[in-house]
Amino acid sequence: MLRSSAMMNAMESVLRTRSVFLSVVFLGLLAMTTRNVIDPDVWWHLKTGQYIAAHKSIPHTDPFSYTRAGEPWVAHEWLSELLMYTLLRATGWGGLIVIFAAILTAAFWFLHLRCGPASYIAGLVTLCGAWATAPVWGVRPQVLSLLLTSLWLLILERSERNPTLLWWTLPLTLLWVNLHAGFALGLALSALFLSGEWIEHALGRSHQSASRLRVMALILLLDLLIVPLNPNGLRMFSYPIETLRSAAMQNYIVEWASPNFHHAEYWPFLVVVLGTFAALGWSRVKLRPRDLLLLLVSLYAALCSIRLLPLFVLVAVPLVSTRLGNWPRSTSSPQQTQPAIMTLLNGTILVAMAAFAGVHIAHMIQHQPQAETERFPSRAVDFLQAHSSSRRIFNHYDWGGYLIWKLDPPTPVFIDGRADLYGQQLFDQFADTYQFKGSWQQSLQRWSVDTVLVPPRSPLATGLRSSSGWTVSYEDSQAVILTALPAAIRTEPAAAKPSLVKPSL
(Lines give C-alpha, C1' and ligand atoms only; values in the text may rest on other atoms or scores of the structure.)
Protein backbone atom coordinates (compact mmCIF):
# COMPACT_ATOMS: atom_id res chain seq x y z
CA MET A 1 0.00 0.00 0.00
CA LEU A 2 2.79 2.40 0.94
CA ARG A 3 4.69 1.50 -2.24
CA SER A 4 1.59 2.15 -4.38
CA SER A 5 1.07 5.52 -2.71
CA ALA A 6 4.70 6.49 -3.26
CA MET A 7 4.43 5.52 -6.93
CA MET A 8 1.30 7.64 -7.32
CA ASN A 9 3.01 10.62 -5.70
CA ALA A 10 6.04 10.22 -7.96
CA MET A 11 3.79 9.96 -11.03
CA GLU A 12 1.90 13.09 -10.03
CA SER A 13 5.18 14.94 -9.50
CA VAL A 14 6.38 13.98 -12.98
CA LEU A 15 3.07 14.98 -14.54
CA ARG A 16 2.77 18.37 -12.89
CA THR A 17 2.20 21.09 -15.47
CA ARG A 18 5.61 22.74 -15.05
CA SER A 19 7.45 19.43 -15.34
CA VAL A 20 5.48 18.41 -18.40
CA PHE A 21 6.06 21.82 -19.99
CA LEU A 22 9.83 21.48 -19.65
CA SER A 23 9.70 17.88 -20.86
CA VAL A 24 7.79 18.98 -23.96
CA VAL A 25 10.30 21.79 -24.60
CA PHE A 26 13.31 19.51 -24.45
CA LEU A 27 11.69 16.64 -26.33
CA GLY A 28 10.90 19.23 -28.98
CA LEU A 29 14.52 20.39 -28.96
CA LEU A 30 15.73 16.80 -29.30
CA ALA A 31 13.50 16.40 -32.35
CA MET A 32 14.50 19.78 -33.81
CA THR A 33 18.22 19.12 -33.46
CA THR A 34 18.01 15.71 -35.10
CA ARG A 35 19.54 16.34 -38.50
CA ASN A 36 20.69 14.17 -41.36
CA VAL A 37 24.44 13.91 -41.87
CA ILE A 38 24.98 16.38 -44.72
CA ASP A 39 27.89 18.50 -43.48
CA PRO A 40 30.60 18.25 -46.18
CA ASP A 41 33.29 18.04 -43.47
CA VAL A 42 31.86 15.08 -41.58
CA TRP A 43 33.37 12.64 -44.10
CA TRP A 44 37.01 13.62 -43.65
CA HIS A 45 36.40 13.77 -39.90
CA LEU A 46 35.29 10.14 -40.05
CA LYS A 47 38.26 9.20 -42.24
CA THR A 48 40.62 10.84 -39.77
CA GLY A 49 39.02 8.86 -36.96
CA GLN A 50 39.46 5.69 -39.01
CA TYR A 51 43.10 6.61 -39.66
CA ILE A 52 43.74 7.12 -35.93
CA ALA A 53 42.05 3.83 -35.04
CA ALA A 54 44.01 1.94 -37.71
CA HIS A 55 47.44 3.50 -37.14
CA LYS A 56 47.13 4.08 -33.37
CA SER A 57 48.57 7.55 -33.92
CA ILE A 58 47.46 11.08 -34.76
CA PRO A 59 48.48 12.40 -38.20
CA HIS A 60 50.71 15.47 -38.22
CA THR A 61 51.01 15.74 -42.00
CA ASP A 62 48.27 15.60 -44.62
CA PRO A 63 47.46 12.02 -45.72
CA PHE A 64 44.37 12.81 -47.84
CA SER A 65 45.27 15.21 -50.69
CA TYR A 66 47.88 15.36 -53.43
CA THR A 67 48.07 19.16 -53.37
CA ARG A 68 49.23 19.23 -49.74
CA ALA A 69 50.58 15.69 -49.33
CA GLY A 70 53.14 15.58 -46.54
CA GLU A 71 52.56 19.19 -45.49
CA PRO A 72 52.12 19.92 -41.75
CA TRP A 73 48.52 19.55 -40.60
CA VAL A 74 47.11 20.29 -37.14
CA ALA A 75 44.50 17.59 -36.43
CA HIS A 76 43.07 19.60 -33.54
CA GLU A 77 39.79 17.62 -33.50
CA TRP A 78 41.43 14.20 -33.26
CA LEU A 79 39.50 13.00 -30.21
CA SER A 80 36.17 14.16 -31.66
CA GLU A 81 36.99 12.38 -34.91
CA LEU A 82 37.93 9.17 -33.15
CA LEU A 83 34.71 9.41 -31.14
CA MET A 84 32.60 9.96 -34.27
CA TYR A 85 34.19 7.04 -36.09
CA THR A 86 33.80 4.76 -33.07
CA LEU A 87 30.14 5.72 -32.66
CA LEU A 88 29.47 5.12 -36.36
CA ARG A 89 31.00 1.64 -36.17
CA ALA A 90 29.09 0.80 -32.99
CA THR A 91 25.69 2.39 -33.65
CA GLY A 92 25.51 3.21 -37.35
CA TRP A 93 24.22 6.47 -38.79
CA GLY A 94 21.14 6.36 -36.55
CA GLY A 95 23.19 6.31 -33.37
CA LEU A 96 25.47 9.08 -34.59
CA ILE A 97 22.51 11.29 -35.50
CA VAL A 98 20.68 10.74 -32.20
CA ILE A 99 23.77 11.11 -29.99
CA PHE A 100 24.71 14.45 -31.52
CA ALA A 101 21.12 15.66 -31.20
CA ALA A 102 21.26 14.66 -27.52
CA ILE A 103 24.55 16.57 -27.11
CA LEU A 104 22.92 19.71 -28.50
CA THR A 105 19.90 19.24 -26.26
CA ALA A 106 22.18 18.86 -23.23
CA ALA A 107 23.90 22.13 -24.16
CA PHE A 108 20.53 23.90 -24.08
CA TRP A 109 19.65 22.19 -20.79
CA PHE A 110 22.75 23.74 -19.23
CA LEU A 111 21.63 27.06 -20.70
CA HIS A 112 18.18 26.60 -19.16
CA LEU A 113 19.73 26.02 -15.74
CA ARG A 114 21.16 29.56 -15.91
CA CYS A 115 17.82 31.18 -16.82
CA GLY A 116 16.34 31.60 -13.35
CA PRO A 117 13.54 29.86 -11.44
CA ALA A 118 10.64 30.96 -13.69
CA SER A 119 10.09 27.67 -15.49
CA TYR A 120 7.83 28.88 -18.28
CA ILE A 121 9.85 31.98 -19.10
CA ALA A 122 13.13 30.04 -18.91
CA GLY A 123 11.80 27.28 -21.15
CA LEU A 124 10.41 29.60 -23.81
CA VAL A 125 13.47 31.85 -23.90
CA THR A 126 15.77 28.82 -24.08
CA LEU A 127 13.71 27.47 -26.98
CA CYS A 128 13.99 30.79 -28.85
CA GLY A 129 17.72 30.96 -28.19
CA ALA A 130 18.22 27.40 -29.40
CA TRP A 131 16.32 28.17 -32.60
CA ALA A 132 18.70 31.05 -33.30
CA THR A 133 21.65 28.62 -33.32
CA ALA A 134 20.06 26.26 -35.87
CA PRO A 135 22.55 27.17 -38.66
CA VAL A 136 25.34 25.37 -36.77
CA TRP A 137 23.44 22.20 -35.82
CA GLY A 138 24.45 18.81 -37.15
CA VAL A 139 26.86 15.92 -36.67
CA ARG A 140 30.07 17.89 -36.30
CA PRO A 141 32.82 18.48 -33.71
CA GLN A 142 31.66 22.09 -33.17
CA VAL A 143 28.62 20.67 -31.38
CA LEU A 144 30.91 19.32 -28.65
CA SER A 145 32.40 22.79 -28.26
CA LEU A 146 28.91 24.25 -27.91
CA LEU A 147 28.15 21.77 -25.12
CA LEU A 148 31.38 22.55 -23.27
CA THR A 149 30.93 26.32 -23.69
CA SER A 150 27.46 26.07 -22.16
CA LEU A 151 28.77 23.96 -19.26
CA TRP A 152 31.75 26.32 -18.79
CA LEU A 153 29.45 29.34 -18.45
CA LEU A 154 27.31 27.45 -15.92
CA ILE A 155 30.41 26.68 -13.84
CA LEU A 156 31.62 30.29 -13.97
CA GLU A 157 28.27 31.68 -12.85
CA ARG A 158 27.66 29.09 -10.12
CA SER A 159 31.19 29.63 -8.80
CA GLU A 160 30.05 32.95 -7.33
CA ARG A 161 28.26 30.93 -4.67
CA ASN A 162 30.65 27.97 -4.70
CA PRO A 163 34.20 28.94 -5.82
CA THR A 164 35.40 25.34 -5.68
CA LEU A 165 33.43 24.66 -8.87
CA LEU A 166 36.14 26.51 -10.78
CA TRP A 167 38.48 23.56 -10.29
CA TRP A 168 36.28 21.57 -12.67
CA THR A 169 37.57 23.73 -15.51
CA LEU A 170 40.92 21.92 -15.27
CA PRO A 171 39.70 18.47 -16.44
CA LEU A 172 37.35 20.20 -18.88
CA THR A 173 40.30 22.04 -20.44
CA LEU A 174 42.23 18.78 -20.81
CA LEU A 175 39.24 17.18 -22.54
CA TRP A 176 38.35 20.21 -24.66
CA VAL A 177 41.83 20.92 -26.00
CA ASN A 178 41.83 17.40 -27.48
CA LEU A 179 38.27 17.59 -28.81
CA HIS A 180 38.31 20.90 -30.66
CA ALA A 181 40.17 24.20 -31.01
CA GLY A 182 37.08 25.87 -29.54
CA PHE A 183 38.72 25.32 -26.14
CA ALA A 184 39.96 28.89 -26.63
CA LEU A 185 36.39 30.06 -25.99
CA GLY A 186 36.50 28.63 -22.48
CA LEU A 187 39.76 30.39 -21.70
CA ALA A 188 38.46 33.64 -23.21
CA LEU A 189 35.28 33.44 -21.14
CA SER A 190 37.29 32.88 -17.96
CA ALA A 191 39.44 35.90 -18.80
CA LEU A 192 36.35 38.03 -19.48
CA PHE A 193 34.71 36.91 -16.22
CA LEU A 194 37.88 37.73 -14.33
CA SER A 195 38.21 41.13 -16.02
CA GLY A 196 34.55 41.95 -15.48
CA GLU A 197 34.57 41.03 -11.83
CA TRP A 198 37.83 42.92 -11.30
CA ILE A 199 36.13 46.02 -12.78
CA GLU A 200 33.15 45.51 -10.48
CA HIS A 201 35.47 45.11 -7.51
CA ALA A 202 37.37 48.27 -8.47
CA LEU A 203 34.08 50.19 -8.77
CA GLY A 204 32.89 48.88 -5.42
CA ARG A 205 29.93 47.07 -7.02
CA SER A 206 31.05 43.54 -6.23
CA HIS A 207 30.21 41.46 -3.18
CA GLN A 208 33.00 39.04 -4.09
CA SER A 209 36.20 39.09 -2.07
CA ALA A 210 39.59 39.86 -3.56
CA SER A 211 40.66 36.32 -2.63
CA ARG A 212 38.12 34.89 -5.09
CA LEU A 213 39.62 36.97 -7.87
CA ARG A 214 43.04 35.59 -7.01
CA VAL A 215 41.65 32.03 -7.10
CA MET A 216 40.05 32.71 -10.50
CA ALA A 217 43.38 34.05 -11.81
CA LEU A 218 45.27 31.04 -10.46
CA ILE A 219 42.87 28.55 -12.03
CA LEU A 220 42.98 30.40 -15.35
CA LEU A 221 46.77 30.14 -15.23
CA LEU A 222 46.52 26.41 -14.53
CA ASP A 223 44.07 26.04 -17.43
CA LEU A 224 46.65 27.68 -19.69
CA LEU A 225 49.34 25.30 -18.44
CA ILE A 226 47.12 22.34 -19.37
CA VAL A 227 46.71 23.46 -22.99
CA PRO A 228 49.97 21.84 -24.25
CA LEU A 229 48.74 18.43 -23.04
CA ASN A 230 47.64 17.40 -26.51
CA PRO A 231 49.30 15.73 -29.53
CA ASN A 232 50.10 19.13 -31.07
CA GLY A 233 51.68 20.56 -27.91
CA LEU A 234 52.35 24.30 -27.76
CA ARG A 235 51.02 24.68 -31.31
CA MET A 236 47.50 24.80 -29.87
CA PHE A 237 48.18 28.20 -28.34
CA SER A 238 48.56 29.82 -31.75
CA TYR A 239 46.28 27.61 -33.85
CA PRO A 240 42.92 29.19 -32.81
CA ILE A 241 44.29 32.67 -33.55
CA GLU A 242 45.66 31.56 -36.92
CA THR A 243 42.27 30.08 -37.77
CA LEU A 244 40.45 33.29 -36.93
CA ARG A 245 42.91 35.28 -39.07
CA SER A 246 42.91 32.83 -42.00
CA ALA A 247 42.15 34.71 -45.23
CA ALA A 248 41.05 31.47 -46.92
CA MET A 249 38.43 30.82 -44.26
CA GLN A 250 37.19 34.40 -44.23
CA ASN A 251 36.92 34.61 -48.02
CA TYR A 252 35.65 31.16 -48.95
CA ILE A 253 33.97 29.44 -45.98
CA VAL A 254 30.40 30.62 -45.48
CA GLU A 255 30.32 29.82 -41.75
CA TRP A 256 33.24 32.16 -41.09
CA ALA A 257 31.42 35.06 -42.75
CA SER A 258 29.02 37.44 -41.01
CA PRO A 259 25.37 36.34 -40.82
CA ASN A 260 23.39 37.67 -43.78
CA PHE A 261 20.06 38.90 -42.43
CA HIS A 262 18.60 38.82 -45.93
CA HIS A 263 18.45 35.04 -45.42
CA ALA A 264 15.57 33.74 -43.32
CA GLU A 265 17.70 31.22 -41.44
CA TYR A 266 19.36 34.10 -39.55
CA TRP A 267 16.16 35.93 -38.63
CA PRO A 268 15.75 34.04 -35.33
CA PHE A 269 19.20 35.27 -34.30
CA LEU A 270 18.25 38.82 -35.25
CA VAL A 271 15.10 38.48 -33.11
CA VAL A 272 17.22 37.31 -30.17
CA VAL A 273 19.60 40.28 -30.57
CA LEU A 274 16.77 42.83 -30.78
CA GLY A 275 14.84 41.09 -27.99
CA THR A 276 17.91 41.12 -25.75
CA PHE A 277 18.42 44.86 -25.95
CA ALA A 278 14.68 45.51 -25.70
CA ALA A 279 14.50 43.43 -22.50
CA LEU A 280 17.59 45.10 -21.03
CA GLY A 281 16.20 48.55 -21.86
CA TRP A 282 12.76 47.77 -20.45
CA SER A 283 13.93 46.12 -17.24
CA ARG A 284 14.74 48.10 -14.12
CA VAL A 285 17.37 45.54 -13.16
CA LYS A 286 20.76 47.08 -13.79
CA LEU A 287 23.20 45.24 -16.02
CA ARG A 288 26.39 44.26 -14.25
CA PRO A 289 29.65 45.53 -15.80
CA ARG A 290 30.76 41.90 -16.13
CA ASP A 291 27.63 40.95 -18.05
CA LEU A 292 27.87 44.03 -20.26
CA LEU A 293 31.44 43.11 -21.16
CA LEU A 294 30.45 39.52 -22.01
CA LEU A 295 27.43 40.70 -23.99
CA LEU A 296 29.34 43.18 -26.15
CA VAL A 297 32.25 40.83 -26.87
CA SER A 298 29.96 37.92 -27.74
CA LEU A 299 27.77 40.13 -29.96
CA TYR A 300 30.82 41.36 -31.86
CA ALA A 301 32.01 37.76 -32.31
CA ALA A 302 28.60 36.58 -33.54
CA LEU A 303 28.26 39.44 -36.02
CA CYS A 304 31.73 38.62 -37.37
CA SER A 305 31.17 34.88 -37.81
CA ILE A 306 28.16 32.59 -38.13
CA ARG A 307 30.06 29.90 -36.23
CA LEU A 308 30.01 32.13 -33.14
CA LEU A 309 26.24 32.75 -33.08
CA PRO A 310 25.81 30.30 -30.17
CA LEU A 311 28.26 32.29 -28.02
CA PHE A 312 26.01 35.35 -28.01
CA VAL A 313 22.94 33.19 -27.40
CA LEU A 314 24.56 31.48 -24.41
CA VAL A 315 25.47 34.85 -22.90
CA ALA A 316 22.29 36.77 -23.73
CA VAL A 317 19.46 34.32 -23.05
CA PRO A 318 19.91 34.12 -19.23
CA LEU A 319 20.08 37.93 -19.04
CA VAL A 320 16.76 38.17 -20.87
CA SER A 321 15.07 35.37 -18.94
CA THR A 322 15.88 36.76 -15.50
CA ARG A 323 14.42 40.14 -16.50
CA LEU A 324 11.06 38.90 -17.78
CA GLY A 325 9.64 38.07 -14.37
CA ASN A 326 7.69 34.99 -13.33
CA TRP A 327 4.84 34.06 -15.65
CA PRO A 328 2.29 32.76 -15.17
CA ARG A 329 2.15 33.48 -11.46
CA SER A 330 0.85 30.53 -9.51
CA THR A 331 -1.01 30.77 -6.20
CA SER A 332 -0.74 27.05 -5.53
CA SER A 333 2.15 25.54 -3.61
CA PRO A 334 4.28 22.74 -5.09
CA GLN A 335 2.85 20.37 -2.46
CA GLN A 336 -0.78 21.10 -3.43
CA THR A 337 -2.54 18.15 -5.06
CA GLN A 338 -3.12 18.62 -8.79
CA PRO A 339 -6.62 17.82 -10.13
CA ALA A 340 -6.80 14.35 -11.62
CA ILE A 341 -8.10 15.67 -14.95
CA MET A 342 -5.03 17.93 -15.25
CA THR A 343 -2.71 15.03 -14.49
CA LEU A 344 -4.43 12.96 -17.18
CA LEU A 345 -4.22 15.81 -19.69
CA ASN A 346 -0.54 16.39 -18.92
CA GLY A 347 0.18 12.69 -19.32
CA THR A 348 -1.55 12.67 -22.70
CA ILE A 349 0.43 15.70 -23.87
CA LEU A 350 3.72 14.16 -22.72
CA VAL A 351 3.02 10.82 -24.44
CA ALA A 352 1.95 12.61 -27.64
CA MET A 353 5.12 14.72 -27.68
CA ALA A 354 7.33 11.70 -27.01
CA ALA A 355 5.61 9.83 -29.86
CA PHE A 356 6.05 12.79 -32.21
CA ALA A 357 9.74 13.11 -31.33
CA GLY A 358 10.26 9.36 -31.78
CA VAL A 359 8.53 9.29 -35.18
CA HIS A 360 10.45 12.35 -36.38
CA ILE A 361 13.80 10.91 -35.29
CA ALA A 362 13.01 7.55 -36.89
CA HIS A 363 12.09 9.34 -40.14
CA MET A 364 15.38 11.27 -40.12
CA ILE A 365 17.37 8.06 -39.65
CA GLN A 366 15.49 6.29 -42.46
CA HIS A 367 16.00 9.32 -44.72
CA GLN A 368 19.80 9.35 -44.26
CA PRO A 369 20.67 7.33 -47.41
CA GLN A 370 18.42 9.58 -49.52
CA ALA A 371 19.88 12.74 -47.94
CA GLU A 372 23.38 11.52 -48.76
CA THR A 373 22.44 10.82 -52.39
CA GLU A 374 20.80 14.23 -52.75
CA ARG A 375 23.82 16.15 -51.44
CA PHE A 376 26.79 14.08 -52.56
CA PRO A 377 27.81 12.29 -55.80
CA SER A 378 27.23 8.74 -54.60
CA ARG A 379 26.56 7.25 -58.05
CA ALA A 380 29.56 9.01 -59.56
CA VAL A 381 31.72 7.61 -56.77
CA ASP A 382 30.38 4.12 -57.54
CA PHE A 383 31.47 4.66 -61.15
CA LEU A 384 34.96 5.70 -60.04
CA GLN A 385 35.19 2.61 -57.85
CA ALA A 386 34.16 0.34 -60.72
CA HIS A 387 36.71 1.94 -63.04
CA SER A 388 39.48 2.34 -60.54
CA SER A 389 42.87 3.44 -61.76
CA SER A 390 45.56 5.87 -60.76
CA ARG A 391 43.76 9.22 -60.89
CA ARG A 392 44.44 12.85 -60.18
CA ILE A 393 40.92 14.15 -59.47
CA PHE A 394 39.98 17.81 -59.52
CA ASN A 395 36.92 17.78 -57.28
CA HIS A 396 34.17 20.16 -56.22
CA TYR A 397 35.09 21.68 -52.85
CA ASP A 398 32.03 20.36 -50.99
CA TRP A 399 32.74 16.82 -52.24
CA GLY A 400 36.38 16.52 -51.18
CA GLY A 401 35.62 15.02 -47.78
CA TYR A 402 33.09 12.62 -49.30
CA LEU A 403 35.68 11.31 -51.75
CA ILE A 404 38.21 10.92 -48.93
CA TRP A 405 35.74 8.74 -47.01
CA LYS A 406 34.22 6.78 -49.86
CA LEU A 407 37.02 5.95 -52.29
CA ASP A 408 38.73 2.67 -51.46
CA PRO A 409 41.56 2.23 -52.15
CA PRO A 410 42.09 5.83 -51.03
CA THR A 411 42.39 8.37 -53.83
CA PRO A 412 43.96 11.71 -52.90
CA VAL A 413 41.79 14.76 -53.57
CA PHE A 414 42.56 18.23 -54.88
CA ILE A 415 40.81 20.05 -52.02
CA ASP A 416 38.42 19.48 -49.12
CA GLY A 417 37.07 21.35 -46.11
CA ARG A 418 40.38 21.85 -44.29
CA ALA A 419 40.81 25.48 -45.32
CA ASP A 420 43.51 26.02 -42.70
CA LEU A 421 45.64 23.41 -44.49
CA TYR A 422 45.14 24.55 -48.09
CA GLY A 423 45.53 28.29 -47.61
CA GLN A 424 44.52 31.29 -49.69
CA GLN A 425 46.71 30.57 -52.72
CA LEU A 426 45.34 27.11 -53.41
CA PHE A 427 41.78 28.28 -52.78
CA ASP A 428 42.32 31.00 -55.40
CA GLN A 429 43.61 28.38 -57.83
CA PHE A 430 40.58 26.23 -57.15
CA ALA A 431 38.15 29.13 -57.58
CA ASP A 432 39.68 30.23 -60.90
CA THR A 433 39.63 26.70 -62.25
CA TYR A 434 36.12 25.94 -61.04
CA GLN A 435 34.80 29.18 -62.55
CA PHE A 436 36.69 28.48 -65.80
CA LYS A 437 38.33 31.87 -65.82
CA GLY A 438 41.71 33.49 -65.54
CA SER A 439 44.53 30.95 -65.43
CA TRP A 440 42.16 28.03 -64.90
CA GLN A 441 44.16 25.58 -67.03
CA GLN A 442 47.37 26.14 -65.08
CA SER A 443 46.04 24.28 -62.04
CA LEU A 444 45.12 21.26 -64.15
CA GLN A 445 48.54 21.28 -65.79
CA ARG A 446 50.53 21.90 -62.63
CA TRP A 447 48.88 19.07 -60.73
CA SER A 448 48.63 16.69 -63.73
CA VAL A 449 44.87 16.38 -63.31
CA ASP A 450 43.37 13.65 -65.48
CA THR A 451 39.85 13.49 -63.99
CA VAL A 452 37.37 16.22 -63.09
CA LEU A 453 34.38 15.59 -60.80
CA VAL A 454 32.07 18.60 -60.51
CA PRO A 455 28.34 19.46 -60.77
CA PRO A 456 27.12 19.10 -64.39
CA ARG A 457 26.09 22.77 -64.66
CA SER A 458 29.26 24.19 -63.14
CA PRO A 459 31.31 26.61 -65.29
CA LEU A 460 34.23 24.16 -65.45
CA ALA A 461 32.01 21.32 -66.69
CA THR A 462 30.47 23.57 -69.32
CA GLY A 463 33.88 24.75 -70.51
CA LEU A 464 35.49 21.32 -70.67
CA ARG A 465 32.59 19.85 -72.65
CA SER A 466 33.51 22.17 -75.51
CA SER A 467 37.20 21.26 -75.27
CA SER A 468 38.63 18.68 -77.63
CA GLY A 469 40.96 17.47 -74.91
CA TRP A 470 38.29 16.22 -72.51
CA THR A 471 35.51 13.67 -72.73
CA VAL A 472 32.51 12.93 -70.51
CA SER A 473 32.98 9.53 -68.86
CA TYR A 474 29.92 9.64 -66.61
CA GLU A 475 27.05 12.00 -65.94
CA ASP A 476 23.87 12.15 -63.88
CA SER A 477 21.79 14.95 -62.38
CA GLN A 478 24.21 15.25 -59.45
CA ALA A 479 27.67 15.09 -61.00
CA VAL A 480 29.70 14.76 -64.17
CA ILE A 481 33.05 13.00 -64.57
CA LEU A 482 35.28 14.34 -67.32
CA THR A 483 38.44 12.50 -68.30
CA ALA A 484 41.47 13.99 -70.04
CA LEU A 485 42.44 12.55 -73.40
CA PRO A 486 46.15 11.79 -73.96
CA ALA A 487 48.26 14.94 -73.69
CA ALA A 488 45.10 17.03 -73.14
CA ILE A 489 46.45 18.91 -70.19
CA ARG A 490 49.59 19.95 -72.04
CA THR A 491 47.69 21.15 -75.12
CA GLU A 492 44.65 22.71 -73.48
CA PRO A 493 43.23 25.58 -75.57
CA ALA A 494 42.86 29.12 -74.28
CA ALA A 495 40.23 29.78 -71.68
CA ALA A 496 36.70 30.46 -72.70
CA LYS A 497 34.95 33.62 -71.68
CA PRO A 498 35.03 33.89 -67.89
CA SER A 499 31.86 32.86 -66.10
CA LEU A 500 30.26 35.19 -63.64
CA VAL A 501 28.90 32.32 -61.58
CA LYS A 502 30.41 32.26 -58.11
CA PRO A 503 31.43 28.77 -56.95
CA SER A 504 29.55 27.16 -54.12
CA LEU A 505 32.23 26.75 -51.51
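Anything mentioned here points back to the structure above.
So, here's what we can say about the structure. (Residues numbered from 1 in each chain as written. Predicted model: local features only at pLDDT ≥ 70, side-chain atom pairs only at ≥ 80, totals over all residues. Heavy atoms only, no water.)

1. Digging into the packing of aromatic side chains
All chains considered together, the criterion is met by 22 aromatic pairs. When the ring of Phe436 is compared with that of Trp440, the centres are 4.1 Å apart and the planes differ by 35°; the resulting orientation is tilted. Exposure class is identical for Phe436 and Trp440. Each is buried. Here a set of aromatic residues connected by ring pairs shows up, and it is made of Tyr66, Phe394, Phe414, Phe430, Tyr434 and Trp447. The cationic tip of Arg418 hangs over the ring face of Trp44; the distance from NZ or CZ to the ring centre is 5.9 Å. Seen from the ring of Trp73, Arg418 lies directly overhead, with NZ or CZ sitting 4.7 Å from the centre. (Phe/Tyr/Trp six-rings, centres within 6.5 Å; stacked < 30°, edge-to-face > 60°. Buried < 20%, exposed > 50% of the residue type's maximum accessible area, 1.4 Å probe, protein only. Lys NZ or Arg CZ within 6 Å of the ring centre and 35° of its normal.)

2. Brief notes about the nonpolar core
Counting 145 residues, the largest nonpolar core has Phe312, Phe394, Phe427, Val452 and Leu453 as the members making the most contacts within it. Looking at this core, the element that brings in the most residues is helix H4 (residues 78-113), giving 13 residues. If near-sequence neighbours (up to four positions away) are discounted, Phe312 is found in contact with Phe269, Val272, Val273, Thr276, Leu295, Ser298, Leu299 and Ala302. (Core = buried A, V, L, I, M, F, W, Y, C linked by side-chain atoms within 4.5 Å. Helix = DSSP H or I, 4+ residues; strand = E, 2+ residues; numbered from the N terminus. Contact = heavy atoms within 4.5 Å.)

3. Side note on helix H6 (residues 142-158)
In this model H6 runs 24 Å from its N-terminal to its C-terminal C-alpha over 17 residues, within 8% of the 24 Å that 1.5 Å per residue would give. Of all 17 residues making up H6, 15 are buried, and the element is well covered by its neighbours. (Expected span 1.5 Å × (residues − 1).)

4. A short note on the sheet that holds strand S1 (residues 393-395)
A sheet is described by the order of its strands in space; here four strands give the open sequence S1-S2-S4-S3, paired in mixed fashion. Every other strand in the sheet has two partners, leaving S1 and strand S3 (470-475) as the edge strands with one partner each. Mean inter-strand twist for the sheet, computed between neighbouring axes without regard to direction, equals 20°. Sitting on the sheet, helix H16 (residues 378-386) touches S1, strand S2 (451-454), S3 and strand S4 (480-484), and the angle it makes with S3 is about 115°. (Pairing = 2+ DSSP bridges. Axes fitted to C-alpha atoms, helices over the stretch in contact; angles between N-to-C directions.)

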